[in-house]
Amino acid sequence: MVPVLYHDWTVTETGLDIPVSAITLEQFQNLSKSKARNHGNVSQPSSPKADAQKLRAVTPPPSSTTALEVPPTKPELSRRLTHDQAVETYKENQVRIGRSNSLGAIAKMKAMTAISQPENPAAKMKGNGMGTIQAPFATLKDTFETVPSNIGFNIEVKYPMLDEAEDANIPLYSFELNRFVDRILQEVYDHEKMHPDRNIIFSSFHPDVCLLLNMKQPNYPVFFLTDGGTSVMADRRCNSIQGAVRFATSIDLLGIVTHSGPIIEAPNLVKGIKETGLLVFTYGAGNNDIENAKLQRRHGVDAVIVDSVLAVRKGLQQAE
């Protein structure tokens, strides 16, 4: 019941598919040490404080049109595949890559790292296995204390849907949903006492998490994340932009965060969404294309979540 920063359902750095909720805080924080012991070619992860200092050195203040998403640090590469091999291996494993995995814009990668035992790379690839890695292993509290208070937080709350839990073979109810949300809110409230000027928003792919976050507190905006119909979920609220808009307006959320694909293909959708009173953010590999970011801004998208933060920000500024 300690909120931590981790992007996937299972902690793949253990070498096994162990649910995040199944390990203790001490085990979670020690994973970086065991990872360094088991993989001699992997550099020792830096501390949250050191990472924050690096961010202050290289990241300019965010603009009003770009939501910043900092990619995880990468291990040193023990073996590289050719581009063609990388793309082919990616296609073979695409079925295993869900929105819960921290793989970013892998479809556009120029090269990909094969993890240990490269004789069968496809069989070894897990959530963090293709060029990305978790670092540092931090709690939400630690991160609040380390990151300067002028930097805002988009806290994406992850709680598996029924079909996601079945696909990942993890217990659906490790923590009761109300307790889960209450514990995260308590951490945020404790931080607010010390840093009331921090801007914080919540987002989640889970409709019921959004509902509870919105009902339990009046201070922080809540956004509903949606694949926008790019993947099929059991819950109909998650299967289209239309379903997302209906749900978000029905419980008075501030906005939605949708996959950018449908918006790039049909940018006039933005006008219809905003006429309901919702803000519109987008995410996805397509946002790393500066022209796509410009297109979305012209049609009223309020923020784009990107990996290539500096390049997209510069492109948007030059277009002003």
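Residues numbered from 1 in each chain as written. Predicted model: local features only at pLDDT ≥ 70, side-chain atom pairs only at ≥ 80, totals over all residues. Heavy atoms only, no water.

With an unreviewed UniProt entry as reference, the chain is termed Glycerophosphocholine phosphodiesterase, source organism Entomortierella chlamydospora.

Asks: Even after reading the chapter, I still don't get the overall build of the chain, so can you show me in this structure?
Replies: The secondary structure content of the chain amounts to 13 helices and nine strands. Considering only contacts in the chain between residues 6 or more positions apart, those separated by 24 or more positions represent 63%. As displayed, the chain has an accessible area near 16,600 Å², and 52% of this comes from carbon and sulfur atoms. (Helix = DSSP H or I, 4+ residues; strand = E, 2+ residues; numbered from the N terminus. Contact = heavy atoms within 4.5 Å. Areas by Shrake-Rupley, 256 points an atom, 1.4 Å probe, with all protein chains shown as cover.)

Asks: Sorry, what's going on with the environment of threonine 143 here?
Replies: Within the fold, threonine 143 resides in helix α5 (residues 140-146). The spacing of threonine 143 and valine 4 is 139 residues in sequence and 9.1 Å in space, taken between C-alpha atoms. Contact partners of threonine 143, with chain neighbours within four places excluded, come to Leu5, Ala138 and Phe153. Polar contacts involving the side chain of threonine 143 include one to the main-chain carbonyl oxygen of threonine 139, which spans 2.8 Å. (Polar contact = N/O pair within 3.5 Å; in protein donor to acceptor, adjacent residues only side chain to side chain.)

Asks: Honestly, the side chain of glutamate 164 in this entry has me stumped. Any pointers?
Replies: Residue position: glutamate 164 is located in helix α6 (residues 162-168). A polar contact is formed between the side chain of glutamate 164 and the backbone nitrogen of methionine 161, at a distance of 3.0 Å.

Asks: Would you mind showing me how to read unusual backbone geometry here?
Replies: Glycine aside, the phi torsion of most residues is negative, and most peptide linkages are trans. Even without a glycine there, the phi angle at aspartate 252 is positive, about 65°. Within the fold, aspartate 252 resides in the loop between α9 (241-250) and β7 (255-259). The exposure class assigned to aspartate 252 is exposed, which follows from its relative accessible area of 63%. (Buried < 20%, exposed > 50% of the residue type's maximum accessible area, 1.4 Å probe, protein only.)

Asks: Looking at this model, I keep getting lost on the pairing of strand β9 (residues 303-306). Mind explaining?
Replies: A regular strand places its side chains so that they alternate between the two faces of the sheet. Alternating residues of β9 divide into Ala303 and Ile305 and Val304 and Val306, and every residue in both groups is buried. As paired strands, strand β8 (residues 279-283) and β9 are joined by two bridges and run parallel to one another. By the bridge assignment for β9, threonine 282 is matched with valine 304. In this fold, the crossover linking β8 to β9 by way of helix α12 (residues 290-298) has right-handed handedness. (Pairing = 2+ DSSP bridges. Right-handed = clockwise from strand over helix to strand, strands pointing away.)

Asks: Please clarify how α9 should be interpreted in this entry.
Replies: Because an α-helix completes one turn every 3.6 residues, residues spaced three or four positions apart along the sequence face the same direction. Those residues of α9 that fall on the buried side of the exposure criterion are Ile241, Gly243, Ala244, Val245, Phe247 and Ala248. Elements in contact with the buried residues of α9: α8 (207-216), β6 (222-226), β7, α10 (260-265) and α11 (269-274). At the exit of α9 stands aspartate 252, carrying a positive phi of roughly 65°.

Asks: Quick question: what am I supposed to make of the pairing of β6 here?
Replies: In terms of burial, β6 is a largely internal element, five of the five residues being buried. Of the two faces of β6, the one holding Val222, Phe224 and Thr226 and the one holding Phe223 and Leu225 are both buried throughout. As defined by bridge partners, strand β5 (residues 200-204) adjoins β6 across three bridges and the pair is classed as parallel. Looking at the pairing, serine 204 lines up with phenylalanine 224 of β6. Read as a crossover between parallel neighbours, the route from β5 over α8 to β6 is right-handed. In this sheet, β7 lies alongside β6 in parallel orientation, the contact comprising four bridges. Across the sheet, residue leucine 225 finds its bridge partner in β7, namely valine 257. Where the polypeptide runs from β6 across α9 and back to β7, its parallel neighbour, the crossover connection is right-handed.

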